[in-house]
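Architecture at a glance
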Amino acid sequence: MKTCKDISELLSESMDRHLIWRERLTLWVHLSMCRRCSGFQKNLHFLHKAAGRHRSN
Amino acid sequence: MDKNQLNNHRTILLRYALLQLHDEAVAEDAVQETLLVALQTGDSFRSESAIRTWLIGILKHKIADHYRASERHYSLGEQISEDGGDPNAALEQLIFDGKGRWIGSPSAWSNPDHVLEQDEFWGVFDWCQKNLSQQHARAFMLREMVGLETEEICLDMNISHSACRVYLYRARLGLRECLEQRWFNAKREK
């Protein structure tokens, strides 16, 4: 059973590479039950967007 | 090696140069010189990623030349080598309990797009980024601002793939935590 910490690491990796189907499934199952990790995922997308915007400022 | 091919790499090279040189005109010059060398050498490479690694290699020399010429010994690379400790090592212990559960509760931030329009936010963003360990901040900037792939970051920073993954993870964890405390929660309390 993956912990939230494991999932948060996998979410970070998903920003840098394509996950294999098994990892995607793991994420999907966990995120469907865990509000905190879902929130963390949204925060990561925000960081990505903000950093992208930052470079053009 | 044709001009179009090189131009595709130009944007990334320019962001990379800006990260180290902090001066647009100087960065432009360094990239221009890099592309000239590349055009003159005209080696054929197998993949696009190999070309970019090669170009960044040339660019690094140009950046080093610049610092040598101006006799300024300041560069991001040197800053990093002075950075012995790892202030973020204990970060995970503040964020997760012994069983790997969140101590706080991350949630989607409200009005994130609106936030990006506020100058005040960028002040906090920079502050948070400076507060990361320099290695972590550099990995994050190379990935999210310059747009390098993780393999390129490993080469650039001379670190293993797993170290690179950890740096990026801790940078994101630290930045997220800092922005939540310094911006999003602070705004909610007002």
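Anything mentioned here points back to the structure above.
Report on the accompanying structure. (Residues numbered from 1 in each chain as written. Chains lettered and ligands numbered in written order. Predicted model: local features only at pLDDT ≥ 70, side-chain atom pairs only at ≥ 80, totals over all residues.)

1. What about the overall build of chain B?
The test is simple: Per the convention used, a helix needs a DSSP run of H or I reaching at least four residues, while a strand needs a run of E reaching at least two, with both numbered from the N terminus. Here a residue counts as buried when 20 or more other C-beta atoms fall within 10 Å of its C-beta, as exposed when 12 or fewer do, and as partly exposed in between; the C-beta atoms come from the backbone. Once C-beta atoms have been placed from the backbone, residue pairs whose C-beta atoms lie within 7 Å are recorded as contacts.
A count of helices and strands for chain B gives ten helices and zero strands. Residue burial in chain B is summarised as follows: out of 190 residues, 31% are buried. In chain B, the proportion of contacts linking residues at least 24 apart, taken out of those at least 6 apart, comes to 70%.

2. A closer look at unusual backbone geometry
Residue and element names in this part refer to chain B. In this model, Asn111 sits at a positive phi of 50°, which is unusual for a non-glycine residue. Position of Asn111 relative to the elements: it lies in the loop between α5 (91-95) and α6 (112-115). For Asn111, a count of 11 C-beta atoms within 10 Å gives the class exposed. For Asn158, which is not a glycine, the phi torsion comes out positive at approximately 55°.

3. Quick notes on the interface of chain A and chain B
Selection rule: Three categories are distinguished: nonpolar for Ala, Val, Leu, Ile, Met, Phe, Trp, Tyr, Cys and Pro, charged for Asp, Glu, Lys and Arg, and polar for the others, with Gly belonging to the last.
Contacts between chain A and chain B engage 25 residues on the former and 26 residues on the latter. Contributing elements (two or more residues each) for the side of chain A that touches chain B: α1 (4-14) and α3 (35-56) of chain A. Sorting elements by how many residues they give to the side of chain A that touches chain B places α3 of chain A first, with 15 residues. Class assignment of the residues belonging to the side of chain A that touches chain B gives a composition of seven nonpolar, eight polar and ten charged.

4. A short note on the environment of Thr3 of chain A
By the element assignment, Thr3 of chain A lies in the segment before α1. Remark: the alpha-carbon pair of Thr3 of chain A and Ala50 of chain A, spanning 47 residues in sequence, is separated by 28 Å. Those residues in contact with Thr3 of chain A that lie beyond four places of it in its chain are Lys99, Gly100 and Arg101 of chain B.

5. Topic: the nonpolar core
We count it as follows: For our purposes the nonpolar core covers buried Ala, Val, Leu, Ile, Met, Phe, Trp, Tyr and Cys residues that link as a set through C-beta atoms within 7 Å.
Ranked by internal contacts, the top residues of the largest apolar core, which has 45 residues, are Ala17, Val31, Leu59, Ala139 and Ala171 of chain B. Of all the secondary-structure elements, those providing two or more residues to this core are α1 and α3 of chain A together with α1 (3-21), α2 (24-41), α3 (48-69), α7 (119-130), α8 (134-146) and α10 (161-189) of chain B.

6. So, helix α9 (residues 150-157) of chain B
Residues and elements named next belong to chain B. Note the following rule: The directions considered for the arc run from the helix axis to the C-beta atoms.
If you check which residues of α9 are buried, you get Glu152, Ile153 and Asp156. One side of α9 holds all its buried residues, which, seen down the axis, span an arc of 100°. Positioned one or two residues after α9, Asn158 has a phi angle of 55°, which is positive.

The values are spatial; any link to function lies outside them.
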